[in-house]
Amino acid sequence: MTAEATTRNNAGGRPVVDTTHGPVRGVDDGTVKAWKAIRYAAAPVGDLRWRAPEPPTAWSEPADAGRVGPVCPQPTDPKIPIDLGAPQGDDFLTLNVWAPPDTQPGAAKPVMLWVHGGAYILGSSSQPLYHGRALAVGGDVVVVTVNYRLGALGFLELATLGADTDQFATNVGLRDVLAALRWVRDNIAAFGGDPTRVTLFGESAGAGVVTALLGSPAAAGLFTAAIAQSSPVTSSYHADGGRRVAERFLDLLEIGRQDLGRLAGLPIEAIVAASRTVFDEVPVRTPGRLAFAPIVDGDIVPDYPVTLARKGLTHPVPLIIGTNRNEAALFRWMKSPLMPIKPESIKAMFAEIAAEQPSLQLPSEAELGGAYRGRGKVKGMGVAGDLGFRMPSIWFADGHRAVAPVYLYRFDFATPMLRLLRLHAAHATELPFVWGNLGAVRRDPMFALGGRNSGAAVSQRVRSRWTNFATHGDPCGLDGEPTWRPYGADDRATLVIDAQDSVVDDLDAEVRRAWGDDVLSFL
């Protein structure tokens, strides 16, 4: 069933749109139209806690879509001061829609659906950083941001312990995003969007969702382009890894395999607390591995995403993929174990990978030494950032370019304050520029020492390329900007985003030679 492309009225700046589940009343403030906290699935409570998403109960009177709704329950950490934009709560399987103020039903504008990051355990669609006005209005696109289940709610794989796969579905977080994509297919025309031009984009774990769904049969036809910003492409694991996490999670809650039915009735606080413990433990015990991440289930994820790409089995849609120059600097600054930076942690990670895959050819110290200079953590940040983000993106790009155009980038821009803090172009620092929300994060020191004018220019250029890509499938820049050529075997063209953008051939030649062609990752 598809919603008709009609809006009932716009009385008092409150446009009402009919969806397949019921009407929603948004806000039109003259600068942007917005509908927030639209249910795309039923609240995952009780027996629905780990089931695949189910449709919400239909409603007949206009639901208030003028303010953001609850976000997925998750741990909070003073060291990671994320402004979620709304309180945590149970009824969080919702999405937000922004459209330019002149948008009418049936306008068929390009759609950009955002999947937020946060190591598969943190974040929300309502973070102020992801407010859609600047991107929607500046690019004349319809922007959608989506909540999905996180941590144990989204990526606890109880089916690996023999649990009923109806009650405990695999890759529930991915299934939520698929449900949101189907909602867009069926409803977005009524908001002025084009269901045949949908760009799925995300950052970090959200980009991991993007690269996973590029190889998922369940996602076929649901999006026509993709953007993966700093995707942990290789952080999708074998079911055995999911089983070990599930066993530890149950141990913490003192629940046996025969008592899995008790999980549906546990207080959400207990679920979140156990999630936090497992999330903290895993990267300490096994450096480089995440506790919660997609698994190869033979269904939603039929194989490792990078393997599917290298076999030419990803969906043939154009792709922008890239990373930031100093990815690991954020994790050093937060003192987070999520990325192994210390030499002993990196050695432990390599030893674990070698133990899992004895036939894999790991790069030698001498081979890596030519590409990574410096000592201790300085060298470790380069190794960790490239093994966690840069090389997986390149390995994926090398495969996917056989089925569709790929555009590779590296984000290098850093403000004076980020350079002073030794963050430089760290993980996630590109986000304000992609969204055009400079200074949206409270107490953000990014521009404390200047650089806002340069930053605004960078943001305008990035948003122009991202929205042109969503509109035409070609990330063309503003007049006078360099032409971003597809990433090919001959030239490996790469856009370097900085105070002045440039296109560099084979930017990563030295790093690629050091790591080789074998994909290095945990199983």
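Please refer to the structure placed before this passage.
First things first, this report covers the structure right here in the doc. (Residues numbered from 1 in each chain as written. Predicted model: local features only at pLDDT ≥ 70, side-chain atom pairs only at ≥ 80, totals over all residues. Heavy atoms only, no water.)

**Brief notes about the overall build of the protein**
Secondary structure summary: the protein contains 15 helices and 14 strands in total. Taking 523 residues into account, the globule formula puts the C-alpha radius of gyration at 24 Å, and the protein, at 22 Å, falls close to it. Counting over 523 residues, the protein shows a buried share of 58%. Put simply, the protein shows about 19600 Å² of open surface, and 50% of that area lies on carbon and sulfur atoms. (Helix = DSSP H or I, 4+ residues; strand = E, 2+ residues; numbered from the N terminus. Rg over C-alpha atoms; globule rule 2.2 N^0.38 Å. Buried < 20%, exposed > 50% of the residue type's maximum accessible area, 1.4 Å probe, protein only. Areas by Shrake-Rupley, 256 points an atom, 1.4 Å probe, with all protein chains shown as cover.)

**Re the sheet that holds strand 2 (residues 23-25)**
Paired through their backbone hydrogen bonds, the strands of a sheet run either parallel or antiparallel. Here three strands make up an open sheet; going across it, the order is 1-2-5 and the pairing mixed. In this open sheet, the two edge strands, each paired with only one partner strand, are strand 1 (16-18) and strand 5 (63-64). (Pairing = 2+ DSSP bridges.)

**Examining the packing of aromatic side chains**
Under the counting rule described, the total for this entry stands at 18 aromatic pairs. Seen from their ring centres, Tyr-407 and Trp-484 are 5.8 Å apart, and the 70 degrees between their planes marks the pair as edge-to-face. Highlighted residues: Tyr-407 in strand 12 (residues 406-411) and Trp-484 in the loop between helix 14 (452-472) and strand 13 (493-497), separated in sequence by 77 residues. Under the relative-accessibility criterion, Tyr-407 is labelled buried at 6%. Over the aromatic face of Tyr-237 sits the side chain of Arg-289, whose NZ or CZ is 4.8 Å from the ring centroid. (Phe/Tyr/Trp six-rings, centres within 6.5 Å; stacked < 30°, edge-to-face > 60°. Lys NZ or Arg CZ within 6 Å of the ring centre and 35° of its normal.)

**Observations concerning the pattern of salt bridges**
Pairing between side chains becomes possible if they bear opposite charge and their charged atoms approach one another. Evaluated as defined, the whole model comprises 26 salt bridges. As a salt-bridge pair, Arg-248 and Glu-281 come within 2.7 Å of each other at their nearest N and O atoms. Of this pair, Arg-248 sits in helix 5 (residues 239-253) while Glu-281 sits in helix 6 (residues 268-285); the two residues are 33 residues apart in sequence, bridging distant segments of the chain. Classification of Glu-281 as buried rests on a relative accessible area of 18%. (Salt bridge = Lys/Arg side-chain N within 4 Å of Asp/Glu carboxyl O.)

**Topic: the pairing of strand 8 (residues 142-146)**
The element strand 8 is largely enclosed, with a buried count of five among its five residues. Pairing between strand 6 (residues 94-99) and strand 8: four bridges, direction antiparallel. The residue bridging Leu-95 from the neighbouring strand is Val-146, located in strand 8.

**Some words on the side chain of Ser-236**
Secondary-structure assignment places Ser-236 in the loop between strand 10 (225-229) and helix 5. With a relative accessible area of 3%, Ser-236 lands in the buried category. If near-sequence neighbours (up to four positions away) are discounted, Ser-236 is found in contact with Pro-294, Tyr-304, Pro-305 and Phe-522. (Contact = heavy atoms within 4.5 Å.)

**Observations concerning helix 5**
An ideal rise of 1.5 Å per residue puts 21 Å on 15 residues; helix 5 measures up with 21 Å between its terminal C-alpha atoms. Taken residue by residue, helix 5 has Gly-241, Gly-242, Val-245, Ala-246, Phe-249, Leu-250 and Leu-253 as its buried positions. One face of helix 5 carries all of its buried residues, which in axial projection span an arc of 165 degrees. Those residues of helix 5 that are buried are in contact with helix 2 (151-155) and helix 6. One or two residues past the end of helix 5 sits Glu-254, with phi positive at roughly 55 degrees. (Expected span 1.5 Å × (residues − 1). Arc of directions from axis to C-beta.)

**Regarding the sheet that holds strand 10**
Strand order in the open sheet made by the 11 strands is 3-4-6-8-7-9-10-11-12-13-14, with mixed pairing throughout. What marks the edges here is a single partner per strand, and that holds for strand 3 (27-28) and strand 14 (502-505). Along the sheet, helix 3 (residues 172-187) makes contact with strand 4 (33-39), strand 6, strand 7 (109-115), strand 8 and strand 9 (193-203), crossing strand 9 at roughly 155 degrees. Sheet contacts for helix 4 (residues 205-213): strand 7, strand 9, strand 10 and strand 11 (319-324); angle to strand 9, the most-contacted strand, approximately 125 degrees. (Axes fitted to C-alpha atoms, helices over the stretch in contact; angles between N-to-C directions.)

**What about the environment of Ala-397?**
Examined against the element boundaries, Ala-397 turns out to sit in helix 11 (residues 376-400). A sequence separation of 265 residues divides Ala-397 from Gly-132, and the C-alpha atoms of the two residues are 28 Å apart. Setting aside anything within four residues of it in sequence, one finds Ala-397 in contact with Ile-321, Val-406 and Tyr-487.

**Brief notes about the packing of helix 5 against helix 6**
Taken N-terminus to C-terminus, the directions of helix 5 and helix 6 make an angle of 130 degrees; their axes are 10 Å apart at the nearest point. Viewed along their axes, helix 5 and helix 6 adopt a mutual orientation that is oblique. As helix 5 runs across helix 6, the sense of the crossing is right-handed. Along its contact with helix 5, which presents Val-245, Arg-248, Phe-249, Leu-252 and Leu-253, the element helix 6 presents Ala-270, Ile-271, Ala-274, Ser-275, Thr-277, Val-278, Glu-281, Val-282 and Arg-285. (Parallel < 35°, antiparallel > 145°, perpendicular 65-115°, else oblique. Left-handed = near helix turned anticlockwise from the far one by under 90°.)

**Description of the nonpolar core**
What tends to happen in soluble globular proteins is that the nonpolar side chains get buried as a cluster. Among the nonpolar cores identified, the biggest contains 165 residues, and Leu-158, Phe-223, Leu-263, Phe-292, Trp-466 and Trp-515 are the most heavily contacted of them. The greatest single-element share of this core, amounting to 10 residues, is contributed by helix 11. Contacts of Leu-158, omitting those with residues within four sequence positions, involve Trp-50, Ala-163, Phe-168, Ala-246, Leu-250, Leu-260 and Leu-263. (Core = buried A, V, L, I, M, F, W, Y, C linked by side-chain atoms within 4.5 Å.)

**Digging into the packing of helix 3 against helix 4**
Interaxial distance between helix 3 and helix 4 falls to 11 Å at its minimum, and their mutual angle equals 75 degrees. Looking at the two axes, helix 3 sits roughly perpendicular to helix 4. Here Leu-174, Val-177, Leu-178 and Leu-181 of helix 3 come into contact with helix 4, specifically with Val-209, Ala-212 and Leu-213.

**Brief notes about the pairing of strand 9**
Looking down a regular strand, the side chains alternate between one sheet face and the other. Most of strand 9 is tucked away: eight of the 11 residues are buried. Across six bridges, strand 7 lies against strand 9 in parallel orientation. Each residue of the ladder has a partner; that of Trp-114, found in strand 9, is Phe-201. Where strand 9 meets strand 10, five bridges bridge the pair, whose relative direction is parallel. Its bridge partner lying in strand 10, Thr-199 is registered against Ala-225. Regarding the hand of the β-α-β motif, the stretch spanning strand 9, helix 4 and strand 10 is right-handed. (Right-handed = clockwise from strand over helix to strand, strands pointing away.)

**What to know about the side chain of Ser-464**
Locating Ser-464 in the fold gives a position in helix 14. Residue class for Ser-464 comes out buried when judged on its relative accessible area of 12%. Not counting the four nearest positions on each side in its chain, Ser-464 is found in contact with Cys-476, Gly-477 and Leu-478.

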